[in-house]
Amino acid sequence: NQMIHWLTFALAKHLTGNFKEAVDIIDIYKGTLDKDALEVTRGFEGSELALYQNELIAKIPNNYMNALQHLESHRHIIVDEFSYWSLRGSYLLFLSRFDDAVHVYMHLLKMGLTENYSTHTGIMCAILRITDPDTLTQALTRRDGMETLATMFPLSTDQRLLLLRFYLDTLAKL
């Protein structure tokens, strides 16, 4: 099957850190397909391929705007709502579009992800307007139990009050 060969080639480039080449290989592969092929239409195969390609685009240094544009342009294909909205929120944070990020994370809460710690960490990063890429990366990728930004980094009293006010004012309206 030609898909296996193309994706294996893209994965090899991915594993060697050549993310741009891996993205290009997937684009070339998709160019060989019919417009109604599973890999380019809404469904599991198309969704997973779009999300994988999006992950590669985001791994290219300082490429969050392109990753966000790719994600939005493939919205009609992606069926994994949680992944779509989570990625969108994280890209908006890295682009310092904090108000937009708050709206995205609020949408995740409305979807029922009220006990998802990565959602709360994203909200906290947006409310506190965290701009340091290393801090954002560490906060958004941390998966040790129940850690959030508030438990990972020391917060000032003002920062804690800001978060408390947000949670009391905004989340009470959910």
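Placed above this text is the structure.
Throughout, residues of each chain are indexed from 1 in the direction in which the sequence is written. Only residues with pLDDT of at least 70 get local features here, since the model is predicted, and only at 80 or more are side-chain atom pairs given and counted; chain-wide, interface and lining totals rely on the full set of residues. To obtain the side-chain values, all non-hydrogen atoms of the structure were included, while hydrogens and water were left out.

Examining the packing of helix H1 (residues 2-15) against helix H3 (residues 44-59)
Axis separation between H1 and H3 bottoms out at 12 Å; the angle between their running directions is 25 degrees. Taken together, H1 and H3 sit at an angle that is classed as roughly parallel. H3 is crossed by H1, and the crossing has left-handed handedness. Contacts from Leu7, Ala10, Leu11 and His14 of H1 reach H3 at Leu49, Tyr52, Glu55, Leu56 and Lys59. Charged residues are taken to be Asp, Glu, Lys and Arg, nonpolar residues to be Ala, Val, Leu, Ile, Met, Phe, Trp, Tyr, Cys and Pro, and polar residues to be all remaining types, Gly included. Across the contact of H1 with H3, the residue classes break down as 6 nonpolar, 1 polar and 2 charged. Axes here mean lines fitted to C-alpha atoms, for a helix over just the part in contact, with angles spanning 0 to 180 degrees between N-to-C directions. Going along the chain from the N terminus, every DSSP run of H or I of four or more residues is numbered as a helix, and every run of E of two or more is numbered as a strand. Working rule for angles: under 35 degrees goes down as roughly parallel, over 145 as roughly antiparallel, 65 to 115 as roughly perpendicular, anything else as oblique. We call a crossing left-handed when the near helix sits turned anticlockwise from the far one by less than a right angle, and right-handed when that turn is clockwise. The contact definition used throughout considers only heavy atoms, calling two residues in contact when any of these lie within 4.5 Å.

Examining the packing of aromatic side chains
Aromatic rings from Phe, Tyr and Trp, taking only the six-membered ring of Trp, are treated as a pair when their centres fall within 6.5 Å; an angle between ring planes under 30 degrees marks them as stacked, one over 60 as edge-to-face, and anything in between as tilted. Summed over the entire model, instances satisfying the criterion amount to 5 aromatic pairs. Centre to centre, the rings of Tyr64 and Tyr91 are 6.1 Å apart; their planes meet at 40 degrees, and the pair counts as tilted. Of the two residues, Tyr64 is situated in helix H4 (residues 64-73) and Tyr91 in helix H5 (residues 81-94); the sequence distance between them amounts to 27 residues. For every residue, the accessible area (1.4 Å probe, protein chains only) is compared with the maximum for its type, and the residue is labelled buried under 20%, exposed over 50%, or partly exposed between those bounds. Tyr64 gets classed as partly exposed once you look at its relative accessible area, which sits at 22%. Geometrically, the ring pair formed by Tyr64 and Phe94 is stacked, given 4.2 Å between the ring centres and 5 degrees between the ring planes. Of this pair, Tyr64 sits in helix H4 while Phe94 sits in helix H5, placing them 30 residues apart in sequence. Taken together through their ring pairs, the aromatic side chains of Tyr64, Tyr91 and Phe94 make up a single cluster. Residue placement shows Arg75 over the ring face of Tyr84; its charged tip is 4.1 Å from the ring centre. Whether a charge sits over a ring depends on NZ of Lys or CZ of Arg being within 6 Å of the ring centre and within 35 degrees of the ring normal.

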